[in-house]
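# Coordinates in review
Chain by chain, the residues run as shown.
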Amino acid sequence: MSRSIDRPALIVGLLLLAAAAIVAFDASRQTITSNYGVGPTAMPYVVCAGLAVLGLAHFIVAFKDGLPKPEEADSKALLWIVGGLVGLVACIALGGGFIIATAIIFACTARGFGRDALIVDIVIGAVLGTVIYVVFLKLLTLSLPAGPLEALLS
């Protein structure tokens with residue numbers, strides 16, 4: 001009985017555990033405190049715990065026999081999604097703002113998943129981005145990256 005190790009699952013497990021360690025280290029160095037219970041350092045520890053659980057689950061899967069072989073990745077879909085992420089970062093870095101960045105990532109992700117209505121998806125992403133921006137700005141009084149469209153709403 002030969003046992004094969006699922007290398008991709010093992011590598012992802014290691015990467016997730018490394019990310020958990022980095023988040024825990026970063027959270028332990030935060031100096032922000034709170035006088036009213038749970039402070040701002042609580043969420044990084046929650047994220048750390050989630051990453052650690054996912055990493056350990058990947059280790060279990062890596063050594064388990066009889067699991068189906070994953071399908072080949074769709075490189076065109078991955079390029080659309082990565083392109084959307086690059087567009088999001090570039091848009092925010094260049095001052096385009098949250099709403100336009102959200103429209104870009106939404107439309108590119110939808111295209112990556114096979115939807116073929118790019119203009120409609122840009123409009124849907126812009127509407128969702130506007131709603132999210134207004135909720136954060138007005139209800140939560142938190143700021144998101146502002147650009148020309150956000151200036152109209154402020």
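Residues numbered from 1 in each chain as written. Predicted model: local features only at pLDDT ≥ 70, side-chain atom pairs only at ≥ 80, totals over all residues. Heavy atoms only, no water.

## Quick notes on the overall build of the protein chain
We apply this condition: Each helix is a run of H or I in the DSSP string that is no shorter than four residues. Each strand is a run of E no shorter than two, and both are numbered from the N terminus. Between the two quantities, the radius of gyration covers C-alpha atoms and the globule rule is 2.2 Å times the number of residues to the power 0.38. Two residues qualify as a contact provided that any one of their heavy atoms is within 4.5 Å of a heavy atom in the partner residue. Per-residue and other accessible areas follow the Shrake-Rupley method at a 1.4 Å probe size, with only the shown protein chains counted as cover for residues. The sign given to each residue is positive for Lys and Arg and negative for Asp and Glu; His and the chain ends receive no count. For charged residues, the charge sits on one atom: NZ in Lys, CZ in Arg, CG in Asp, CD in Glu.
When helices and strands are counted, the protein chain shows 6 helices and 0 strands. Relative to a compact globule of 154 residues, whose C-alpha radius of gyration would be 15 Å, the protein chain shows 20 Å and is clearly more extended. Referenced to the eigenvectors of the C-alpha coordinate spread, the extents of the protein chain come out at roughly 65 × 50 × 25 Å. Within the protein chain, residue pairs in contact and separated by at least 24 positions form 57% of the contacts whose partners lie at least 6 positions apart. Carbon together with sulfur atoms contributes 72% to the accessible area of the protein chain, which is approximately 10800 Å² in total. Distance between charge centroids for the protein chain: 4 Å, based on 9 positive and 9 negative side chains.

## Notes on the packing of helix 1 (residues 7-28) against helix 2 (residues 42-62)
What counts here: Angles shown run from 0 to 180 degrees and are taken between the N-to-C directions of axes, each axis being a line fitted to C-alpha atoms and, for helices, limited to the stretch in contact. What sets the label is the angle itself: under 35 degrees gives roughly parallel, over 145 gives roughly antiparallel, 65 to 115 gives roughly perpendicular, and the rest give oblique. Crossings are sorted by hand: turned counterclockwise from the far helix by less than a right angle, the near helix makes the crossing left-handed, and turned clockwise it makes it right-handed.
Closest axis-to-axis distance for the helix 1/helix 2 pair is 8 Å, and the angle between their directions is 160 degrees. Between helix 1 and helix 2, the interaxial angle falls into the category roughly antiparallel. Helix 2 is crossed by helix 1, and the crossing has left-handed handedness.

## Let's talk about the layout of surface pockets
Rules: Lining residues are defined by having an atom within 4 Å of a point belonging to a cavity or pocket. Those points lie on a 1 Å grid over the protein atoms alone, cavities being sets where a 1.4 Å probe fits but cannot get out and pockets being open sets with protein on both sides within 12 Å along at least five of seven lines. Grid points are joined across faces, edges and corners, and a volume is the space filled by probe spheres set on the points.
In this structure, the largest pocket occupies an estimated 230 Å³ of space. Lining the largest pocket are 14 residues, and of these Asp 6, Leu 67, Pro 68, Lys 69 and Pro 70 lie nearest its centre. Breaking the lining of the largest pocket down by element, the ones donating at least two residues are helix 1 and helix 2.

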